[in-house]
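# Coordinate analysis (summary)
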Amino acid sequence: MPDEPDLAGLEAERARLYADLSQVRDFRRGALNAVRRKCGKPNCACARPGHPGHGPQYNLTKWAGGKTVTAHLRPGPELEKAEREVAEWERFKSLTGQIAEVNEKICEARPAAGTDAPSAPEGEKGGSGRRSRGRRPLR
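Residues numbered from 1 in each chain as written. Predicted model: local features only at pLDDT ≥ 70, side-chain atom pairs only at ≥ 80, totals over all residues. Heavy atoms only, no water.

Across all of its chains, the model carries seven salt bridges by this definition. A salt bridge links Glu 13 to Arg 16; the shortest N-O distance between them is 2.7 Å. Of the two residues, Glu 13 and Arg 16 both sit in helix 1 (residues 7-22), three residues apart, roughly one turn of that helix. Take Glu 13: its relative accessible area is 28%, and that puts it in the partly exposed class. Owing to a relative accessible area of 38%, Arg 16 belongs among the partly exposed residues under this scheme. Salt bridges linked by common partners bring Glu 13, Arg 16 and Asp 20 together as one network. (Salt bridge = Lys/Arg side-chain N within 4 Å of Asp/Glu carboxyl O. Helix = DSSP H or I, 4+ residues; strand = E, 2+ residues; numbered from the N terminus. Buried < 20%, exposed > 50% of the residue type's maximum accessible area, 1.4 Å probe, protein only.)

Here you go:
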């Protein structure tokens, strides 16, 4: 079928993605954001209407141990390093997602051992041919 990608092409795409993955540098999970806030002092400039507030304060937020953890970052080398690491995390996630998609296509395109036909299309039930034993009644 002309619409389906060939197995060799899919394997070449997977090899390219693996090569790209090997180039991923240090990464850090999380998201960076800049926050401005008002200090609460009535005579401060930030109390005036329309003033954006003090800041920005840069935060790295991540999920760890079932909780959201925020680290405050200083502008300069510390922030630049975190920006690079978070960007590499996004690149890593993107590449692993693409690899998973290509691998699924390879699995669908590769014929089963001993046959030349591709496996059953996605969404079709195969079934085992025998019925399960029902549940035992509670005592």
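Moving on, we come to the nonpolar core. Leu 10, Leu 17, Val 24, Leu 95, Ile 99, Val 102 and Ile 106 together form the largest nonpolar core, which totals seven residues. With four residues, helix 2 (residues 77-109) is the largest single contributor of residues to this core. Excluding its chain neighbours within four sequence positions, the residues that come into contact with Ile 99 are Leu 17, Tyr 18 and Leu 21. Grouped together as the second largest cluster of nonpolar side chains are five residues, Leu 60, Leu 73, Ala 82 and Val 86 included. (Core = buried A, V, L, I, M, F, W, Y, C linked by side-chain atoms within 4.5 Å. Contact = heavy atoms within 4.5 Å.)

All right, on to the sheet that holds strand 2 (residues 54-64) then. Spatial ordering of the open sheet is given by 1-2-3, a layout of three strands whose pairing is antiparallel. Since the sheet does not close on itself, it has two edges, and those belong to strand 1 (31-37) and strand 3 (67-73), each with one partner. Strand-to-strand, the axes of this sheet are offset by a mean angle of 35 degrees, without reference to chain direction. Here strand 1 runs beside strand 2; their pairing, made up of six bridges, is antiparallel. Looking at strand 2, one finds that Asn 33 is bridged to Asn 59. (Pairing = 2+ DSSP bridges. Axes fitted to C-alpha atoms, helices over the stretch in contact; angles between N-to-C directions.)

Let us now look at helix 2. Taking 1.5 Å per residue as the helical rise, helix 2 with its 33 residues ought to reach 48 Å, and the 48 Å between its terminal C-alpha atoms agrees with that figure. Listed as buried for helix 2 are Leu 79, Ala 82, Glu 85, Val 86, Glu 88, Trp 89, Leu 95, Ile 99, Val 102 and Ile 106. In this structure, the buried side of helix 2 is in contact with helix 1, strand 1, strand 2 and strand 3. (Expected span 1.5 Å × (residues − 1).)

The quantities given are spatial measurements derived from coordinates; they are silent on function.
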